[in-house]
Amino acid sequence: MTFHRMMPRLGILVMLLAFGVSLRAQINPEWTTPQKPFRIAGNLYYVGSRDLAAYLVVTPAGNILINANLESSPPQIRASVQRLGFRWADTRVLLNSQAHFDHAAGNAEVVRETGAKLMVMDGDVRAMETGDAHDFGGSDLHRFPPVHVARVLHDGDTVRLGGTVLTAHKTAGHTRGCTAWTMKVMDEGHARNVVIIGGFAALDSYRLIDTARRPASYPGILADFKHGFAVERGLPCDIFLGAHGGYFDMKQKLARLPKEGPSVWIDPKGYHAAIAEAEKSIEAKAAAERKQAAGRS
């Protein structure tokens, strides 16, 4: 019996801590290791790496790409799109989960190559157009090529193309405009609710509470995290996905895919367990900050 099977949700938390809490200068090899692209359900495909997730939504009016990832990622994403039999030039819309370099650094190149319109949640627009998420992220974040935002999104806005509708849900905290995307896909005659989590961890450099010596990373960051968890808990979810494969146990599910088929992606229990674990980690960090502050007073 594998460790993952004994403690499946702890596996998600370990990945969350490894990939969500620290973004140091060294790039994790899982971020650049190619992953064979695959169909998830309906018109939704995975075109990212072993851990940095990118999704292709195919429509008759052109395609939507979610996440361009690292500055070095576009050639890998393009190759995955083409391997699936789709045209890179048909990418009409580019969306993002969050404005950190591991998800947004490739945006400028994708826009340059395809002419896609970049649409970004309001809180992340400044970071995207300057290539700098240091407004509160700390020194462990890389800068990335700036890119023009064609459409500023707000909480609850929809993106429509070729009969497909995606809804943007603002789940700030990890970034000011961190976004969970939802859509419906038809899967073997059933309508499935898809949720793509943008990010729900605090980097080591984040401060969640105000103290006499140090303010919070930005006013209201802890409230934003709590609001984001409440939003995510309220979203109907059949197919659980995220900006990192580790968020939704992608590698483990791919290993089960040959025997179990596409039903491996249907994981509402895993979705709610992952949110609960992430919320506990935020609460623990806030409690540790309060304890530290009390010890200094």
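Computed from a predicted structure; not experimentally measured.

Chemist: Would you mind going over the sheet that holds strand E9 (residues 164-170) with me for this structure?
Modeler: The strands making up a sheet are joined through hydrogen bonds of the backbone, oriented either antiparallel or parallel. With respect to topology, five strands assemble into an open sheet ordered E8-E9-E10-E11-E12, the strand pairing being mixed. The two strands at the open ends of the sheet, each matched to only one other strand, are strand E8 (158-161) and strand E12 (239-242). The average angle at which neighbouring strand axes cross in this sheet is 25°, direction not considered.

Chemist: Please explain helix H5 (residues 107-114) as it appears in this structure.
Modeler: Turning to H5, its buried residues number three or more, namely Asn107, Val110 and Thr114. Seen end-on, H5 carries its buried residues on one side only, within an arc spanning 65°. On its buried face, H5 is in contact with strand E4 (62-66), helix H3 (74-83), strand E5 (91-95), helix H4 (101-104), strand E6 (117-121) and helix H6 (125-130). Remark: Gly115 follows H5 within two positions and exhibits a positive phi of approximately 75°.

Chemist: Would you explain the nonpolar core in this entry?
Modeler: Within soluble globular proteins, side chains that are nonpolar generally end up buried alongside one another. Counting residues in each nonpolar core, the largest one holds 88 residues, and the members touching the most others are Ile40 and Tyr55. Once you skip the residues sitting within four places of it in the chain, Ile40 turns out to touch Tyr45, Tyr46, Tyr55, Ile239, Leu241, Pro262 and Trp265.

Chemist: Would you explain the pairing of strand E11 (residues 190-197) in this entry?
Modeler: Sheet faces and side chains relate simply in a regular strand, where the side chains alternate between the two faces. For E11, the tally of buried residues reaches six of eight residues, placing the bulk of the element in the interior. Where strand E10 (residues 179-187) and E11 come together, seven bridges link them in antiparallel fashion. Bridge pairing in E11 places Val185 opposite Arg192. Counted between consecutive antiparallel strands, the loop separating E10 from E11 contains two residues, among which Glu188 sits at a positive phi close to 55°. Bridge analysis of E11 against E12 gives four bridges, and the strand direction is parallel. When the sheet's bridge partners are listed, Ile197 is paired in E12 with Gly242.

Chemist: How should I be thinking about the pairing of E6 in this particular structure?
Modeler: Judged by how many residues are buried, E6 sits mostly within the fold: four of five residues are covered. Summarising the sheet, E5 and E6 pair through three bridges and their orientation is parallel. Across the sheet, Leu95 pairs through a bridge with Met119, a residue of E6. Sheet topology note: the E6/strand E7 (residues 151-153) ladder contains three bridges and is parallel. Across the sheet, the residue bridging to Met121 is Leu153, located in E7.

Chemist: Would you take a moment to explain the pattern of salt bridges for this structure?
Modeler: Inspection of every chain in the model, using the stated rule, returns 12 salt bridges. Between Asp90 and Arg87 there is a salt bridge, with the nearest N and O atoms lying 3.2 Å from each other. Overall, Arg87 belongs to the exposed group, its relative accessible area being 53%. Two residues, Arg256 and Glu260, come together in a salt bridge whose shortest N-O distance is 3.0 Å. Within this pair, Arg256 and its partner Glu260 are both found in helix H8 (residues 250-260), separated by four residues, close to a single helical turn. Of the residues examined, Arg256 reaches a relative accessible area of 26% and is grouped as partly exposed. The structure contains a network of salt bridges with shared partners spanning Arg87, Asp90 and Arg92.

Chemist: Whenever I open this one, the sheet that holds strand E1 (residues 38-41) confuses me. Can you help?
Modeler: Spatially, seven strands are ordered E1-E2-E3-E4-E5-E6-E7 in an open sheet, and the strand pairing comes out mixed. Either end of the sheet is taken by a strand with one partner, and the two such strands are E1 and E7. Across the sheet, the mean angle from the axis of one strand to that of its neighbour is 25°, orientation sign disregarded. Contacting E4, E5 and E6, H5 runs over the sheet at an angle of about 165° to E5.

Criteria and cut-off values
Residue positions are given per chain, counted from 1 along the sequence in the order it is written. Reporting of local features is limited, given that this is a predicted model, to residues whose pLDDT is at least 70; pairs of side-chain atoms are given and counted only at 80 or more, and all residues count toward the totals for whole chains, interfaces and linings. Excluding hydrogens and water, the side-chain figures rest on all heavy atoms present in the structure. Whether two strands pair depends on DSSP finding at least two bridges between them. In DSSP terms, a helix is any run of H or I states spanning at least four residues, a strand is any run of E spanning at least two, and both are numbered starting from the N terminus. To obtain each axis, a line is fitted to C-alpha atoms, and for helices this fit is confined to the stretch in contact; angles are then taken between N-to-C directions over 0 to 180 degrees. Only protein chains enter the accessibility calculation, which uses a 1.4 Å probe; a residue whose area is less than 20% of its type maximum is buried, one above 50% is exposed, and one in between is partly exposed. The directions considered for the arc are those from the helix axis to the C-beta atoms. Two residues form a contact once any of their heavy atoms are found within 4.5 Å. Side-chain atoms within 4.5 Å link the members of a nonpolar core, which is a set of buried Ala, Val, Leu, Ile, Met, Phe, Trp, Tyr and Cys residues. The term salt bridge refers to a pairing of a side-chain nitrogen on Lys or Arg with a carboxyl oxygen on Asp or Glu at a separation within 4 Å.

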